[in-house]
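Residues per chain, in single letters:
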Amino acid sequence: LEMFGGYGHQITKDYAPYFKELEVWEIDPDCEASLRKNFPDAKIRIGDSYAILKNSDAKVDFVIAYSVLSDNPNEHFRLFPDIFRILNDSALVILNTVPEIQLEVLSKEQSDNRKRFYNTEDPLNIPMEKMLEKYNALCKDNGFKIKWRFTNDRYFMYSARKGSINRRLVQ
C-alpha cells in the first residue's frame, strides 16, 4: 500500500514490480491518470488517505507512508492508531521522519504537532532514539512489536536540513 502516491514517479516504481498486488491512495485527482498509466494493475483510490484509512477493511503486509513535511503540518501523525487495524500480523511499515529541521521552515502548527506527537520540548531536533520510543509505544499499545528497523538519511529535504547536514559532515 502506497498511502500518498502522488504521480507515482518516485520510489513506487522501484518496488511495485516485486509485489503481486499494489494499492495506491492519493488525494490529488490530477495524479490519477499518471497513476493508472504507471500502475495499470494497481487498485487506485483517489481521496484523503487518512479518511480512506479510517474506513478501509484492507489487510496489508507492506505500507509506505511518505508524507512531506512542507505541505503537511501533521507529517504522518494522523496514521496512528488506525494504521494498525489494516496491518497483517507481520507487516513492514516505512515512514518518512525528519529528526532535525531548520526553524524557518517549521510553522507554529507543525511545531506544536511535533511537540505533542513525540512528547518533546524541542520540535526542531528530535533524536532518532526519541522517535523510536514513540513508535515502540504505539506498536505496544496496539498489539505489535518492532522486530527490525533501519534508518536511511536521504537528505531529501535539503533546504530544511542543510544546517544539520553541514554539522554532521564536518564532525
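Residues numbered from 1 in each chain as written. Predicted model: local features only at pLDDT ≥ 70, side-chain atom pairs only at ≥ 80, totals over all residues. Heavy atoms only, no water.

Trainee: Is there a simple way to think about the pattern of salt bridges in this case?
Mentor: Between side chains of opposite charge, a pair can form as their charged atoms come close. Applying the stated rule across the entire model yields six salt bridges. Between Glu32 and Arg36 there is a salt bridge; the shortest N-O distance is 2.9 Å. Remark: Arg36 and Glu32 occur in helix α2 (residues 32–38); sequence separation between them is four residues, near one turn of the helix. (Salt bridge = Lys/Arg side-chain N within 4 Å of Asp/Glu carboxyl O. Helix = DSSP H or I, 4+ residues; strand = E, 2+ residues; numbered from the N terminus.)

Trainee: Explain unusual backbone geometry here, please?
Mentor: Peptide bonds are, in most cases, trans, and in most cases residues other than glycine have a negative phi. In this structure, the amide linkage connecting Phe80 to the following residue, Pro81, adopts the cis form with an omega of 5°. Note on placement: Pro81 falls in the loop between β3 (60–65) and α4 (82–86). Within the chain, Asn119 stands out as a residue other than glycine whose phi angle is a positive 50°. Examined against the element boundaries, Asn119 turns out to sit in the loop between α5 (108–118) and α6 (128–141).

Trainee: Looking at this structure, how should I read the side chain of Arg114?
Mentor: Locating Arg114 in the fold gives a position in helix α5. Judged by relative accessible area, Arg114 falls into the buried class, the value being 0%. In this structure, Arg114 is in contact with Glu75, Phe77, Val98, Pro99, Ile101, Leu106, Asn119, Thr120, Pro123, Ile126 and Met131, ignoring residues within four places of it in sequence. (Buried < 20%, exposed > 50% of the residue type's maximum accessible area, 1.4 Å probe, protein only. Contact = heavy atoms within 4.5 Å.)

Trainee: Honestly, the nonpolar core in this entry has me stumped. Any pointers?
Mentor: When a protein is soluble and globular, its nonpolar side chains tend to lie buried together. Met3, Leu79, Phe80 and Ile83 are the most contacted members of the largest nonpolar core, which has 24 residues in total. Elements supplying a minimum of two residues to this core: α3 (49–55), β3, α4, α5 and α6. Here the element with the most residues in this core is α6; it accounts for four residues. Those residues in contact with Ile83 that sit more than four places away from it in its chain are Met3, Leu53, Val63 and Val93. Judged by nonpolar contacts, the second largest core, of twelve residues, contains Leu22, Val24, Ile44 and Phe62. (Core = buried A, V, L, I, M, F, W, Y, C linked by side-chain atoms within 4.5 Å.)

Trainee: Sorry, what's going on with α6 here?
Mentor: Note that an α-helix has 3.6 residues per turn; residues three or four places apart therefore point the same way. In this model α6 runs 20 Å from its N-terminal to its C-terminal C-alpha over 14 residues, within 8% of the 20 Å that 1.5 Å per residue would give. Among all positions of α6, only Met131, Leu132, Tyr135, Leu138 and Cys139 are buried. Take α6 and look down its axis: the buried residues cluster within an arc of 125°, on one side only. Residues Glu129, Glu133, Lys140 and Asp141 are exposed on α6 and point more than 90 degrees away from its buried face. (Expected span 1.5 Å × (residues − 1). Arc of directions from axis to C-beta.)

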